[in-house]
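Notes for the structure review
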Amino acid sequence: MKVELTQESPFEIDADAIVVGIFNSTDGNPVIEGPVAEIDSASGGMVSKLAEAGELSAEKLSITQLLAPQGMAAPVVVIVGLGEAGRASHDLSYRAAGAAVKHLATRSRSRVAVFLNSERLDHAVCGAINGCHGQDILRQENNLHPVETLIWRTEDRAAVDKGIVLAESMLLTRRMVNLPSNEIYPETFAAECAEAGGSAGFEVEVWDEDKLAEENCGAMLAVGRASAFPPRLVIMRYNGGAENQQPLGLVGKGVTFDSGGLSIKPGPSMVDMKCDMAGAATVLGAMNAIATLKLPVNVIGFAGLAENMIGGDSYRLGDVLKSRNGKTIEVHNTDAEGRLVLADVLDVAVQSGCAKLIDLATLTGACMVALGKDIVGLMANDNDWADAVYSAADDSTERVWPLPMFPEFGEQLKSKVADLKNIGEGRWGGAITAGKFLEEFVRGTPWVHLDIAGPAFADKPSAWIDAGASGCMVRTLVEVARRYEQAE
């Protein structure tokens, strides 16, 4: 998608549609100002009359579509509500632009001009581009049609270009998650990483099953051994910082399909399990953006890829696995497989010299029980590092919330026959016991675990983005990387 800059008025611009935003006053009436006032004046007060008649809403993300007044080149005007003036929420730039362009994307349009004043122009551009891309990537007839050219009234080319990179990287993550498991499995995921690395400028190393065995990745190999598609570990290196800077490590769970193994999931719970590699896809998207933006930082991304299937060689309940760091794990649930993959990959990240770690995983339904479907659970072993990641997420308008990591949760993981069990006791605190399990494999390195099970994949569309993969946390990881040089 191309994004052009303009200084033209809404009446001068050659476009198929115009997007403008409108605020509410404190008394609840739409405020006619800026580009909306230009349209109102030229139309003989049409916008004001609609507002007086109660036919125009400025509530957040409301959409009003009008036929353009005489003299305007574009035939259609879309007015997106921005809520009460002065109380705009932190994430409004991304969502408002996404909602307006998504509304227009229900039919093919060549050129859409956007007149939205935003303090976060990069996020607004990112939202607009994501808004017109859907999950229907394998349909012969699409429900959403990407706009060919967005036209933005601004002079800030740098912010627009950053928004484009963020959007393209999120779209890479979304496409990977939305593609079915017969297309994305460990080997093809690794190939996608290599292609992205060649374009964006990061190095890619792939460990096959022989290398994984040589490296004693026994937990990861156990998860993937019943699949016709053997596991892979992808290591992505971007060296943009000082030679002596210890890298930031980004680790993603990449279970390309999760049947539950012998602890088999019910059929309806399996339908969307192509999305269980969203953590690894998020790391890929973030690496693509970090390298394309040429951030002055050293980052290593790790994607632990396996398919959790059922066969004569399935790992079993009661099996004891030996992880890469030497700890033994008694299996009490083969559907708690993501933490087994991450156990080995986190140890690789530590041994690769990463000074700080973030892992991302669609790890537990328990996190959704605790926080709902729209919020990422954050767990950590270091408060300062947790605060830094939380701050980056807040600045990126992505919602995360910390969960407690009290030692008592770790007590639930003690096994009678091995060092650890792979699940806690009963249903309670399941997201936290999963986090405590992962903590056993970071060797004291400052580490944050992000459970993205809720917001990574949506069953229903929102006003600003289609259902399916969301690309959540790509922007946050880029912001963490941007600040990392300052923090060292």
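Only a predicted model underlies this, so the values are computations on that prediction, with no experimental measurement involved. Position numbers for residues count from 1 along each chain, tracking the sequence in the order it is written. Given that the model is predicted, a residue must reach a pLDDT of at least 70 before its local features are reported, and side-chain atom pairs must reach 80 or more before they are shown or counted; all residues, however, enter totals for whole chains, interfaces and linings. Excluded from the side-chain calculation are hydrogens and water; included are all heavy atoms of the structure.

1. Some remarks on unusual backbone geometry
For the record, the criterion: Helical segments are the DSSP runs of H or I of at least four residues, strand segments are the runs of E of at least two, and each set is numbered from the N terminus.
A positive phi is found at Asn216, a non-glycine position, where the angle reads about 60°. Secondary-structure assignment places Asn216 in the loop between helix 7 (209-214) and helix 8 (218-224). Unlike most non-glycine residues, Thr397 shows phi in positive territory, near 60°. By secondary structure assignment, the location of Thr397 is in the loop between helix 13 (383-395) and strand 16 (400-402).

2. A few points about the packing of aromatic side chains
To keep it simple, the criterion reads: The aromatic pairing rule takes the rings of Phe, Tyr and Trp, using the six-membered ring of Trp, and pairs them if the centres are within 6.5 Å, calling planes under 30 degrees apart stacked, those over 60 edge-to-face and the rest tilted. Exposure categories follow from relative accessible area, calculated using a 1.4 Å probe and restricted to protein chains: below 20% of the type maximum is buried, above 50% is exposed, and the middle band is partly exposed. A ring has a charge above it when a Lys NZ or an Arg CZ is no more than 6 Å from the ring centre and no more than 35 degrees off the ring normal.
A complete count under the given rule lists three aromatic pairs for this structure. Judged by centre distance (3.9 Å) and plane angle (20°), the ring pair of Tyr185 and Phe229 falls under stacked. Of this pair, Tyr185 sits in the loop between helix 5 (157-178) and helix 6 (186-200) while Phe229 sits in the loop between helix 8 and strand 9 (232-239), and the two are 44 residues apart along the sequence. Of the residues examined, Phe229 reaches a relative accessible area of 30% and is grouped as partly exposed. Seen from the ring of Trp207, Lys211 lies directly overhead, with NZ or CZ sitting 5.2 Å from the centre. For the cation-ring pair, Lys327 lies above Phe441, with the distance from its terminal atom to the ring centre recorded as 6.0 Å.

3. Thoughts on the pattern of salt bridges
Inclusion rule: We count a salt bridge whenever a side-chain nitrogen from Lys or Arg sits within 4 Å of a carboxyl oxygen from Asp or Glu.
Applying the stated criterion across every chain, the model contains 28 salt bridges. One salt bridge in this structure joins Glu192 and Arg175, with 2.8 Å as the shortest N-O distance. Highlighted residues: Glu192 in helix 6 and Arg175 in helix 5, separated in sequence by 17 residues. Glu214 is the salt-bridge partner of Lys211, the closest N and O atoms lying 3.9 Å from each other. Here the residue Lys211 and the residue Glu214 both occupy positions in helix 7, the gap between them amounting to three residues, near one helical turn. Where salt bridges share partners, they join Arg120, Asp122, Lys162, Asp395, Glu479, Arg482 and Arg483 into one cluster.

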